[in-house]
Amino acid sequence: MILIVLISALLGYVIVTMNSSLHADEGFHAGQIWLFYDGQNKLAGNITVPPTYHFIIGKIVQFTGGYHDNLLRLISLGFALLTVPVVYFAARFYCGADAWIKTLQVYFTPLIFPYFFVLYTDIWSLCGVALTLLLTLQRHYLWAGLAGALSVLIRQDNVAWIGLIYLYVCFDSITAIDKKNAVQLFKNALFKGAVFNVVFIGFLIFVYINGGVAIGDAAAHKMSAFNLSNLHVFLICTWVLFLPTHITQIPKILPLLRKPTTLLLLAIGFVLYVGTLKNTHPYNTIMYDYFVHNGLMHLLTDFPIIKAFSYLLAAWTFLSLLTIELPDWRWRWLIFIAPLAAISHPLVEPRYYIPAFFLIQILRPKLSREIEFFTLALYVAISAYILYGTTKELIFL
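Chemist: Would you mind showing me how to read the overall build of the protein chain here?
Modeler: Secondary structure assignment for the protein chain yields 20 helices and 0 strands. Seen along its three principal axes, the alpha-carbon backbone of the protein chain occupies a region of about 65 × 50 × 45 Å. Here the contacts in the protein chain between residues at least 6 apart in sequence split such that 75% fall between residues at least 24 apart. Of the accessible surface of the protein chain, which amounts to about 17900 Å², a share of 73% is contributed by carbon and sulfur atoms. Here the protein chain contributes 24 positive and 18 negative side-chain charges, whose respective centroids are spaced 11 Å apart.

Written as structure tokens, this is what we have:
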């Protein structure tokens, strides 16, 4: 596994450096890094996240005495690769000897892999969430809370995923909700989740002082501008990435479909889906032939037949996640947290769902060896094409 990761990382870096031009939001991130490199310790004003990622890279480059965009990418990649062992050790808790293949599947996920090689905060962010999970599974709650704080300092929207892990901690040793367990729940939240509580309080203070979640470009990322289209796109992306799992869930889904209540709810869901799947954010209405996520939004919203058909995929995914067997009942909270984390973003971008993809990958039931390897091979092929297309400036996720 280590050899595969190192070779693919080297090849990926070589490919991306063939074009030293900055892609999409890389220009904004590089600009913030330059300010720290140049000793101008101030915010650029167009970065929505805390400048932790930019400060670290900027000061390292300052120490080296030389500045080049590809050097920034190399430093970013070096830290990003720390995600791999963290994911592996977290996966071992649930996947045992198969943790290595689950780790490679997370690493090569087409909506994750390309971000290892560009100046985006998302992989560092994933590493923070994965580390919080790992330390929680190891029952090191103090360190888990600190890792959660670090992940929020990289991307403040990680507070949702830290909240999910916090719920996992709070319901430790609880199998039913009654008076006795309510006391245990309170103790878990107060003592085991002590540092998590500090993180949440700090986040609320930040939001109050900042006047919202986004630091820069706040007008385009208003906290009140919930976007249900993000939920719909999340479900569709999850259908694509985990199709073999969804197929294996069909025997569990069919009994639900025989119930009139389920059919009624699906009919209501269809009306809500087609009524709320809209392309309203100005950043999602440009360059359909370059930004893959914008092209997807164009197809889903401007073509009624595609919109209607996509509901079948979204509903299938939802029912699959609802019936899937998880290694611990506490991860059922994922069904509620993932949608909330998705719709909290006014801009539709699949990279916002990366922590959810990671969790689903390591929590889902094991499939046959052949299917697991086929999935991995398909991920590798698609990721290679996306990275090539990014370098050639043909597409960007």
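Chemist: How do you make sense of the nonpolar core when you look at a structure like this?
Modeler: Nonpolar side chains in soluble globular proteins tend to end up buried together. With 113 residues, the main nonpolar core has Tyr107, Trp161 and Phe234 as its most contacted residues. For this core, the leading source of residues is helix α7 (residues 122-137), giving 10 residues. With residues near it in sequence (within four places) discarded, tyrosine 107 still touches Val5, Ser8, Ala9, Leu81, Val84, Ile112, Phe113, Phe116 and Phe117.

Chemist: Is there a simple way to think about the pattern of salt bridges in this case?
Modeler: For side chains of opposite charge, pairing can occur when their charged atoms come near one another. Overall, the coordinates contain 13 salt bridges when judged by the stated rule. With a shortest N-O distance of 2.7 Å, arginine 73 and glutamate 26 are connected by a salt bridge. Placement of arginine 73 in helix α4 (residues 69-80) and of glutamate 26 in helix α2 (residues 26-37) is noted, with a sequence separation of 47 residues between them. A relative accessible area of 0% places arginine 73 in the buried class. Among the ionic contacts, a cluster of salt bridges with common partners joins Asp25, Asp122, Arg155, Asp157, Glu349 and Arg351.

Thresholds, definitions, all that
Residues numbered from 1 in each chain as written. Predicted model: local features only at pLDDT ≥ 70, side-chain atom pairs only at ≥ 80, totals over all residues. Heavy atoms only, no water. Helix = DSSP H or I, 4+ residues; strand = E, 2+ residues; numbered from the N terminus. Contact = heavy atoms within 4.5 Å. Areas by Shrake-Rupley, 256 points an atom, 1.4 Å probe, with all protein chains shown as cover. Lys, Arg positive; Asp, Glu negative; His and termini not counted. Charge placed at Lys NZ, Arg CZ, Asp CG, Glu CD. Core = buried A, V, L, I, M, F, W, Y, C linked by side-chain atoms within 4.5 Å. Buried < 20%, exposed > 50% of the residue type's maximum accessible area, 1.4 Å probe, protein only. Salt bridge = Lys/Arg side-chain N within 4 Å of Asp/Glu carboxyl O.

That is the geometry; function is a separate question.
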